[in-house]
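# Coordinate inspection notes
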Amino acid sequence: MTLFLQLGFQGIALGLVYGLIALGFVIMFKGSHTFNFAHGQFVAIGAYVVLVLLPRMPYVLAFIGAVAITVGLALVVERLLIRGLIGRSVTVVVLATLGISTMLHNAVLMVWGVGSHDSVGPVGAGTTKVGSVVLPNSALATVAVSVVVLAAVAWFFQRTRHGLALRATASSQEAALAQGIDVGRMFALSWALAAFLAVTASIFLASFPRVVSPSIGDLALIAIPAIVIGGMDSLMGAVVGGLVVGLTQVLGSNYLSDIGGGRLHEVLPYVLMLLVLLVRPYGLFGSRSIERV
Amino acid sequence: MSRDASPASDGPPALRTTGVSAGYGAAGTAVTDLSLRVPQGQVVSLLGPNGAGKTTVMRAVSGLLGLHRGRLTGGRVELFGKDVTGARASQRVRAGLAQCLEGRMVFPGLSVAENLASGGHVRRYRGGALTEARDEVLTLLPRLGDLLDRKAGYLSGGEQQMLAIARALMSRPKLLLMDEPSLGLAPRIVEQVRDIIVSINEAGTSILLVEQNARMALSISGYAYLLEGGRVYAEGTPEALEQDNDIAAAYLGAGTAPVTPRGADS
C-alpha cells in the first residue's frame, strides 16, 4: 500500500507536468486553430535557458528570464509564420510547425550538444516523510506549483476580460472580431500563455529523469496522448489526460516491469489513446459541438 | 420610428461609403462602385437577391473582409465623418459600430451572460458597470434575463437572434449593422425582432439593415438601397420604391399588398 501511494503521488506529479504541457497545446489549438508540434521544443528551450541563467542569478530570476525568452520565441514564431498561414489548410500549418520543431531541436543540439546536464528543478533531491509514505521533495514542489498555476489559468479564463475574449475567439473568430476583439492579439496571447506553461513544465519535467537533455523536447510530446484522451478542445481534459498518462507511466513502470523488458509503460499511454480514439473520438471531455442552427 | 428621408440636420452621416469596390481574390469582384449613406438616427435597408453583395457591403463596413480572404479594391468608408477605410474591425467597434452577423453566430459554448459580456469587450466594463450595461440592454430584451446561465448553444433560434442583438448592444453602439435578422425565424418572432429594431432606433441608434424580407425591412426604414449584381440598382424612400411597379414586382414580392400591421399574428 505504501509503495502504491508513493508511486501514485509520483504519477500525479508527473501527470500534472504533462497536464501543463497538454494545456498549452490545447490553448494554442483553441486560440489559433494550430496544432503546434514545436511545443515540445519550447519546453526544451525553457529548460536550457534556466540552465544557462541559473549560475548567474537567483532561481526566480532565472525562471522569469526563461519565461521571457521562450514567450518571445513563441511570439516570433506565431507572428512570422502562423499568422501568415491564417486560412490555409490545417495540414500546411501542422507541417510548418513540424519544420519549426526540427529547426529548434537542432538549434538546441548546436548550442548545447547531445549531452545531459544536471536537473534544473527548483528543489534538491531530498525527501519528506508523510506517515509511512516517503515523497520526493521535487514531486511535492511539482504538485504544489502545478496546482497553483492551473488554478491561476482557470481564474484567467473564467474571470478576466481577456480570458473571456480568448474563449470567444476560440468559439468563433468572426463573431469575436465583430465584438471588437483583436483576434490577432488573442493568437499571440494564447501562444504566450502556452509558452509560459511550457517553461513551468520544463523545470519540473527536468527533475523526473533529473537531467536536462535534448530529448526533453520529445519527452514533451507525450502530451499528445494526454490531449487525445482528454479531448482536443477541453482545458479540463488536458489536465485529466495528463494525469492519466502520468499515472499510467509511473504505475506501469513498476507493476509491469516484468513484461516486455520493462518498457511497456512507455507504450501504454498510446494504447489508451488508440482505445479512446476508437470509442470516443472527441476524448473524455471534448465536445462534439453543441451548436444548433 | 423615423421615416424621414431628408438628410439628418446634425453632424455627418453615421455611415458613408464612397465608390466602394470589394472582392474575394479569384472569385472576382463582389461589389462595384457602391456609394451609400446612413444618416444619423435613421434605419436604412439594403435589399436584393442572394449573391447581390449585401453581406460583402457589411463586411467592407465592419472590417471583416480580410477574414474571408476578401479585399477592398477601391473607395472609402467613413463612420461619423471619420475615415475608417483601412482600420481594423476593433477600431471600428471603438468608433461606435456594432453588428449582428448573418446566422446569429452566438458563442454556443459560452453562457448567455458571457456572450453579453463579450459584446462589451471594447468598453472595458468593470464589475458594476457591466451589470448596469447588461440591465440596460435587457430592458429591451427582457426574456434573456431568465436565461443568463444557459449555454447559448441550447437556446432556440429566436432566442439566439435576441442574444445576438443584445450582445451587439452591449458596446452601446451608435450604428448597428444587422445582417438578415429575420432569417429562419417564425413569423411571430420576426414581428418581435422588428419591434426590437424599432425600439433600438428610437433610443437613438442608427441602423443599416440587410434583409431578404423586403416588406418587413421597408416597413421600418426611412430609405432603402436595392442591390443587384454588386451594384446599386435603385434607391429611394420605401414609398418611392413601392410605387415603382417594376421594382415592386421584381424585388418586393409581386403586387404591392400593404405591409403587415404591427403586432399582427401572421
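Conventions we followed
- Numbering of residues begins from 1 in every chain and follows the order in which that chain's sequence is written.
- Going through the entries in the order they are written, you letter the chains from A and number the ligands from 1.
- Only residues with pLDDT of at least 70 get local features here, since the model is predicted, and only at 80 or more are side-chain atom pairs given and counted; chain-wide, interface and lining totals rely on the full set of residues.
- For the side-chain quantities, the full set of heavy atoms in the structure was used; hydrogens and water were omitted.
- UniProt positions are given in the numbering used here, feature names are shortened, and annotations may be inferred rather than shown by experiment.
- To qualify as a nonpolar core, a set must consist of buried Ala, Val, Leu, Ile, Met, Phe, Trp, Tyr and Cys residues joined through side-chain atoms within 4.5 Å.
- Think of it in three bands: residues with accessible area under 20% of the maximum for their type are buried, residues over 50% are exposed, and the middle band is partly exposed, with areas taken using a 1.4 Å probe on protein chains only.
- Counting from the N terminus, the helices are DSSP H or I runs at least four residues long and the strands are E runs at least two residues long.
- Contacts: residue pairs with any heavy atoms within 4.5 Å of one another.
- Two strands pair if DSSP finds at least two bridges between them.
- Under this scheme, a helix contributes an axis fitted over its contacting stretch, all axes are lines through C-alpha atoms, and angles between N-to-C directions fall in the 0 to 180 degree range.
- Pairing of N or O atoms within 3.5 Å defines a polar contact, subject to two protein rules: one partner must be a possible hydrogen donor and the other a possible acceptor, and residues neighboring in sequence count only if both atoms are side-chain atoms.
- Summed over both partners, the accessible area (1.4 Å probe) lost when two parts come together is defined as the buried area.
- In the sections that follow, a salt bridge refers to a side-chain nitrogen of Lys or Arg positioned within 4 Å of a carboxyl oxygen of Asp or Glu.
- Put simply, two rings from Phe, Tyr or Trp (the six-membered ring, in Trp's case) pair if the centres are within 6.5 Å, and we call them stacked under 30 degrees between planes, edge-to-face over 60, tilted for the rest.
- By the criterion adopted, a ring carries a charge over it if an Arg CZ or a Lys NZ lies within 6 Å of its centre and within 35 degrees of its normal.

Under an unreviewed UniProt entry, the name given to chain B is ABC transporter ATP-binding protein, and the source organism is Actinomadura livida. For chain B, the Sequence similarities (unreviewed entry) comment in UniProt is given as "Belongs to the ABC transporter superfamily."

Within an unreviewed UniProt entry, the label attached to chain A reads Branched-chain amino acid transport system permease protein, and the organism entered is Actinomadura livida. Here chain A is described in UniProt, under the heading Subcellular location (unreviewed entry), as follows: "Cell membrane". Under the heading Sequence similarities (unreviewed entry), UniProt records this for chain A: "Belongs to the binding-protein-dependent transport system permease family. LivHM subfamily."

### Some details on the nonpolar core
Ile21(A) and Leu205(A) are the most contacted members of the largest nonpolar core, which totals 95 residues. Considering each element in turn, this core owes the most residues, 15 residues, to helix α8 (residues 183-205) of chain A. For Ile21(A), the contacting residues outside a window of four places in its chain are His39(A), Val43(A), Ala201(A), Leu205(A), Ala220(A) and Ala223(A). Counting residues in hydrophobic clusters, the runner-up holds 51 residues, among them Leu47(B), Ala152(B), Ala164(B) and Val193(B).

### As for the sheet that holds strand β3 (residues 43-47) of chain B
Residues and elements named next belong to chain B. Reading across from one edge, β6-β7-β8-β3-β9-β10 is the order of the six strands in this open sheet, with mixed pairing throughout. Each end of this open sheet is capped by a strand with a single partner; those strands are β6 (97-100) and β10 (231-236). The mean angle between the axes of side-by-side strands here comes to 20°, regardless of whether they run parallel or antiparallel. Across four bridges, the pairing between β6 and strand β7 (residues 175-179) is parallel. Of the residues in β7, the one forming a bridge with Leu97 is Leu175. Sheet strands touched by helix α5 (residues 157-169): β6 and β7. Its angle to β6, the strand with the most contacts, is close to 170°. Seen against the sheet, helix α6 (residues 187-202) touches β3, β7 and β8 (206-211) and runs at an angle of roughly 155° to β8.

### Structural notes on the side chain of Asn36(A)
All names here are of chain A. Locating Asn36 in the fold gives a position in the loop between α1 (2-32) and α2 (39-53). On the accessibility criterion, Asn36 (1% relative accessible area) is buried. A polar contact of 2.9 Å, which involves the side chain of Asn36, links it to the backbone nitrogen of Ala38. Not counting residues up to four positions away in its chain, the partners in contact with Asn36 are Phe25, Met28, Phe42, Thr97 and Trp191.

### Section: the interface of chain B and chain A
Between chain B and chain A, the contact holds 31 residues from the first and 24 residues from the second. For the pair chain B and chain A, the two sides together bury roughly 2600 Å², of which 58% comes from carbon and sulfur. Contact with chain A buries surface across chain B, with Leu67(B), Phe107(B) and His121(B) losing the most and accounting together for 23% of the total. Remark: the boundary between chain B and chain A carries two salt bridges. Run the count over chain B and chain A and you get four residue pairs in polar contact (both at pLDDT 80 or more). Of all the secondary structure elements, the ones that give two or more residues to the side of chain B that touches chain A are α2 (89-94), α3 (112-119) and α5 of chain B. In terms of residue count, the dominant contributor to the side of chain B that touches chain A is α3(B) (four residues).

### Considerations on the UniProt feature "transmembrane region" (unreviewed entry) in chain A
Residues given the UniProt feature "transmembrane region" (unreviewed entry) here are residues 12-29, 60-77, 89-114, 134-157, 187-208, 220-247 and 267-285 of chain A. A distance of 23 Å separates the end C-alpha atoms of residues 267-285 of chain A, which is 68% helix and 0% strand.

### A look at the pattern of salt bridges
All names here are of chain B. As enumerated under the stated definition, the model contains ten salt bridges over all chains in all. Taking the shortest distance from any N to any O, the salt bridge between Asp83 and Arg76 comes out at 3.1 Å. The exposure class of Arg76 is partly exposed, given its relative accessible area of 37%. Between Glu159 and Arg143 there is a salt bridge; the shortest N-O distance is 3.6 Å. In this pair, Glu159 is assigned in helix α5 and Arg143 in the loop between α4 (128-140) and α5, connecting sequence segments 16 residues apart. For Glu159, a relative accessible area of 16% puts it in the buried group. Relative accessible area serves as the criterion here: at 44%, Arg143 is assigned to the partly exposed category. Because the salt bridges share partners, they merge into one network encompassing Arg16, Arg76, Glu78 and Asp83.

### Thoughts on the sheet that holds strand β1 (residues 15-23) of chain B
All names here are of chain B. Pairing is antiparallel in the open sheet, where four strands are placed in the order β2-β1-β4-β5. The two strands at the open ends of the sheet, each matched to only one other strand, are β2 (29-38) and β5 (82-83). Where strand β4 (residues 71-79) meets β5, two bridges bridge the pair, whose relative direction is antiparallel. Looking across to β5, one finds that Glu78 is bridged to Asp83.

### Some remarks on the packing of aromatic side chains
Per the stated rule, a full pass over the model turns up six aromatic pairs over all chains. Taken together, the ring pairs in this structure connect Phe25(A), Phe35(A) and Phe37(A) into an aromatic cluster. A cation over a ring is seen here: Arg167(B) above Phe107(B), with NZ or CZ 4.8 Å from the ring centre. Lying across the ring of Phe80(B), Lys174(B) places its NZ or CZ 4.3 Å from the centre.

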